[in-house]
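Letter by letter, the chains look like this.
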Amino acid sequence: VGEFTGNGASTRAIDTGFQPDLVWVKRSTNVDGNWRSSSMNTNEAQFFGGVIQNTTGVYFTTLDSTGFTVGLTNNASGGVYYYVAFKKVAGAIDVGSYTGNATDNRNITAPGFRPDWVFLKNANTTSSAVYNSNESYGDSSYLYTDTANLVNSIQQLRSDGFQVGTDATSNGSGNTIHWAAFKGAAAKSSGSGTFKSATGSYTGTGKNETITGLDF
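Residues numbered from 1 in each chain as written. Predicted model: local features only at pLDDT ≥ 70, side-chain atom pairs only at ≥ 80, totals over all residues. Heavy atoms only, no water.

Focus: the overall build of the chain
Then step 1. Counting secondary structure elements, the chain contains one helix and 16 strands.
Then step 2. Each of the three principal axes of the chain carries a C-alpha extent, and together these read 60 × 45 × 35 Å.
Then step 3. In the chain, 62% of the contacts between residues at least 6 apart in sequence involve partners at least 24 apart.
Then step 4. Split by element, the accessible area of the chain, about 11300 Å² in all, is 48% carbon and sulfur.
Then step 5. Of the side chains in the chain, 14 bear a positive and 16 a negative charge, and the two mean positions are spaced by 3 Å. (Helix = DSSP H or I, 4+ residues; strand = E, 2+ residues; numbered from the N terminus. Contact = heavy atoms within 4.5 Å. Areas by Shrake-Rupley, 256 points an atom, 1.4 Å probe, with all protein chains shown as cover. Lys, Arg positive; Asp, Glu negative; His and termini not counted. Charge placed at Lys NZ, Arg CZ, Asp CG, Glu CD.)

As for the sheet that holds strand 16 (residues 176–182)
Then step 1. Taken in spatial order, the five strands line up as 9-16-11-12-13 in an open sheet, and their pairing is antiparallel. Each edge of the sheet is formed by a strand with only one pairing partner; in this case those strands are strand 9 (93–99) and strand 13 (142–143).
Then step 2. Bridging between strand 12 (residues 130–133) and strand 13 involves two bridges; their strand directions are antiparallel. Within strand 13, the residue paired with V130 across the bridge is L143. (Pairing = 2+ DSSP bridges.)

Quick notes on the pattern of salt bridges
Then step 1. Applying the stated rule across the entire model yields two salt bridges.
Then step 2. The closest approach of N and O atoms between D94 and K88, which form a salt bridge, is 3.8 Å.
Then step 3. Judged by its relative accessible area of 12%, D94 is buried.
Then step 4. Note that D160 is salt-bridged to R158, the shortest N-O span being 3.7 Å.
Then step 5. Judged by its relative accessible area of 23%, D160 falls in the partly exposed class.
Then step 6. Note on R158: relative accessible area 24%, which makes it partly exposed. (Salt bridge = Lys/Arg side-chain N within 4 Å of Asp/Glu carboxyl O. Buried < 20%, exposed > 50% of the residue type's maximum accessible area, 1.4 Å probe, protein only.)

A short note on the packing of aromatic side chains
Then step 1. Applying the stated criterion across every chain, the model contains 20 aromatic pairs.
Then step 2. Judged by centre distance (5.1 Å) and plane angle (15°), the rings of Y131 and Y142 are stacked. With Y131 in strand 12 and Y142 in strand 13, this pair connects stretches of sequence that are eleven residues apart.
Then step 3. Residue Y131 is classed as partly exposed on the basis of its relative accessible area of 22%.
Then step 4. Every member of this aromatic cluster is reached through a ring pair, and the members are W24, W35, F48, F86, W117, F119, Y131, Y142, Y144 and F182. (Phe/Tyr/Trp six-rings, centres within 6.5 Å; stacked < 30°, edge-to-face > 60°.)

Regarding the sheet that holds strand 14 (residues 154–158)
Where strands meet in a sheet, backbone hydrogen bonds hold them as pairs that are either parallel or antiparallel.
Then step 1. Strand order in this open sheet of three strands is 10-15-14, and the pairing throughout is antiparallel. At either end of the open sheet lies a strand with only one pairing partner, and these are strand 10 (106–108) and strand 14. For this sheet the average axis-to-axis angle between neighbouring strands, irrespective of direction, equals 25°.
Then step 2. Pairing geometry for strand 10 and strand 15 (residues 161–164), over three bridges, is antiparallel. Residue R106 lies in a different strand from strand 15, and its bridge partner there is V164. (Axes fitted to C-alpha atoms, helices over the stretch in contact; angles between N-to-C directions.)

Points about the nonpolar core
Then step 1. Y98, V118, L120, V130, I154, F162 and W179 are the most contacted members of the largest nonpolar core, which has 15 residues in total.
Then step 2. Elements that contribute at least two residues to this core include exactly strand 11 (117–122), strand 14, strand 15 and strand 16.
Then step 3. Among the elements that take part in this core, strand 16 stands out by supplying three residues, more than any other.
Then step 4. Excluding residues that lie within four positions of it along the chain, I154 makes contacts with V118, L120, V130, Y131, N132, G138, D139, S140, S141, F162, Q163 and S170.
Then step 5. Counting 14 residues, the second-largest nonpolar core is a separate cluster that includes F4, V23, A45 and V70. (Core = buried A, V, L, I, M, F, W, Y, C linked by side-chain atoms within 4.5 Å.)

Thoughts on the pairing of strand 6 (residues 60–64)
Then step 1. Most of strand 6 sits inside the fold, with four of its five residues counted as buried.
Then step 2. The turn joining strand 6 and strand 7 (residues 67–71), which pair antiparallel and follow one another in sequence, is formed by two residues.

What to know about the environment of N171
Then step 1. In this fold, N171 is placed in helix 1 (residues 168–171).
Then step 2. Sequence separation of N171 and G213 is 42 residues, and the distance between their C-alpha atoms is 54 Å.
Then step 3. Dropping the residues within four chain positions of it, N171 is found in contact with Y98, G100, N101, A102, T103, R106, V164, G165 and I177.
Then step 4. In this structure the side chain of N171 is engaged in a polar contact, spanning 2.9 Å, whose partner is the backbone nitrogen of N101. (Polar contact = N/O pair within 3.5 Å; in protein donor to acceptor, adjacent residues only side chain to side chain.)

Put into structure tokens, the structure is as follows:
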């Protein structure tokens, strides 16, 4: 993870110290977050909000051996940008794409592992990116906009990937769908032992306060 301040150059290499397969970038101002994965062509960028893909290179140009290269929109002079970069890890993080066919109950098996979280974006429409997690409990996908959950988008997370339905956000006929899949970290608790909790109250003062007396 990191941040940089734009210098107004038409292209700029951002060093992460490794070759990423997925990069998210968000400017601190009121603009859409955008992202790029190794499944995309040169100059392509996708958006979390309801924006069709950009292929002009003004957001991203390439993913490189030591980082990624942004274009002018992601490098506006004085702009503050925050980024997250991921590298593919077998059985844990993967990215890819497929062509939609509007067929229900379509299984995407490319990840090859059971993900705990999947997000995807139809590159060719103004629909928002959507995501589904273990806590969605099946056929309920969330959007990155102020919109109610969808059914028939990401329908379930499976042992080898995920399943999509007929909704255009995930399976629009002839459209390119880019996705990323993540497996969650192992549970930290053993499920047995002694676990403490406490209740109480305090009166707010409008200042930083330290709450003590919890015995742990």
